[in-house]
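Residue-level listing of the chains:
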Amino acid sequence: MSKQSIAQKGTPPFTARLMNIEAAANTTFTYNTKLRNAASLPRIYQLSATIPPGWNIAFKVEGMQVTSLNIDSGRTQDITIEINPTIQTKPGKYAIPVVATAGSDSTRLNLEAVVKGTYTVQLTTPSGRLSDDVTEGSRKEIHLLVKNTGTIALENLALSAQAPPQWETTFSPSTITRLEPGKDEEVIATLHVPDKTIAGDYVTTFSARNNNSSSDAAFRMTVRTSVLTGWLGLLVILVALGVVYYLIRKYGRR
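Let me begin by describing the structure that accompanies this report. (Residues numbered from 1 in each chain as written. Predicted model: local features only at pLDDT ≥ 70, side-chain atom pairs only at ≥ 80, totals over all residues. Heavy atoms only, no water.)

### Regarding the environment of A38
Where we set the bar: Counting from the N terminus, the helices are the DSSP runs of H or I reaching at least four residues and the strands are the DSSP runs of E reaching at least two. The classification of residues rests on relative accessible area computed with a 1.4 Å probe and restricted to protein chains. Under 20% of the type maximum is buried, over 50% is exposed, and intermediate values are partly exposed.
Its place among the elements puts A38 in the loop between strand 3 (29-36) and strand 4 (43-49). For A38, a relative accessible area of 16% corresponds to the buried category.

### Re the sheet that holds strand 12 (residues 131-135)
Worth spelling out the cut-off: Here a strand pair is declared whenever DSSP counts at least two bridges between the two strands. To define axes, lines are fitted to C-alpha atoms, for helices over the stretch in contact only, and angles between the resulting N-to-C directions are given on a 0 to 180 degree scale.
A sheet is described by the order of its strands in space; here 5 strands give the open sequence 12-19-18-14-16, paired in mixed fashion. Single-partner strands in this sheet number two, and they are strand 12 and strand 16 (175-179). For this sheet, the mean inter-axis angle between neighbouring strands, taken without regard to orientation, is 30°. Alignment of strand 18 (residues 200-209) against strand 19 (residues 214-224), held across 10 bridges, turns out to be antiparallel. Bridging across to strand 19, Y202 finds its partner in M221.

### Examining the sheet that holds strand 6 (residues 64-66)
An order of 1-3-8-5-6 is seen for the 5 strands of this open sheet, with the pairing classed as antiparallel. Unpaired on one side and paired on the other, strand 1 (14-16) and strand 6 mark the two borders of the sheet. Across this sheet, the average inter-strand angle for adjacent strands is 35°, counted without regard to direction. Sheet topology places strand 5 (residues 56-61) next to strand 8 (residues 76-84); 5 bridges connect them, and they run antiparallel. If you follow A58 over to strand 8, its bridge partner there is E82.

### Regarding the environment of R17
For R17, the location among the structural elements is in the loop between strand 1 and strand 2 (20-23). A residue is classified by how much of its surface remains accessible, and R17, at 65% relative accessible area, is exposed. For the pair R17 and K34, spaced 17 residues apart in sequence, the C-alpha to C-alpha distance is 8.4 Å.

### So, the packing of aromatic side chains
The cut-off we apply is this: Each pair of aromatic rings taken from Phe, Tyr and Trp, with Trp reduced to its six-membered ring, is defined by centres within 6.5 Å and is described as stacked if the planes are under 30 degrees apart, edge-to-face if over 60, and tilted in the remaining cases.
Taken as a whole, this structure holds 4 aromatic pairs when the rule is applied. Centroid distance W55 to Y94: 5.1 Å. Interplanar angle 55°. Geometry classified as tilted. In this pair, W55 is assigned in the loop between strand 4 and strand 5 and Y94 in strand 9 (residues 92-102), connecting sequence segments 39 residues apart. A ring pair is formed by F206 and F219, whose centres lie 6.2 Å apart and whose planes are at 70°; its orientation type is edge-to-face. Taken together, the positions of F206 in strand 18 and F219 in strand 19 put the pair 13 residues apart, joining distant regions of the chain. Residue F206 is classed as buried on the basis of its relative accessible area of 1%.

Quick look at the structure:
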């Protein structure tokens, strides 16, 4: 028995607000659809789709992922369809036929995903080294490198940092207005390490991000005590030893 559409005359039973969506390969294509049960009885619909190899698809009703749903007679159900291409997907137009099947009847919705490339950013340093040392109470310039490793231009990339408490971080520039595919731009991050910071290793996480892509780089900074602080510490120790010696000399024989 051949499958026939359950649609009534007029409005199709399976519709989408946008049938064609254009986006990057590493984003989610989201389609807002409606499925109407035009039959005289409640029906359970099985949802399926034909997608390219490696792609993922999810059907969601009221935020919950489903593969089937029950719709009362004459009622319409909102269904969100989320499609994720593989990162290696080449730019182009891809047909995504979606089918809702109830028993021997089915209705079909022909969606299109137009892949225009990928948004990808990488944050590193010119040398690839992600560690350095600094003296407490001083400033340190760190040269960062922001690379567009995707195939679409990146716009309004903002630089930020998550540093240890009381540390201050500034960037020059703090925002990259536009970065073309395959290009990179150097950014200088200046870390201000507070006075009396205890010697040791500290991690600052630098970030470059916009609405489409982001990248983080964990930078380890070894804090060393200043020479002046070292001499002051030695002086305190010597004074303490002198006081102890004096007390022993004065009271030790009594």
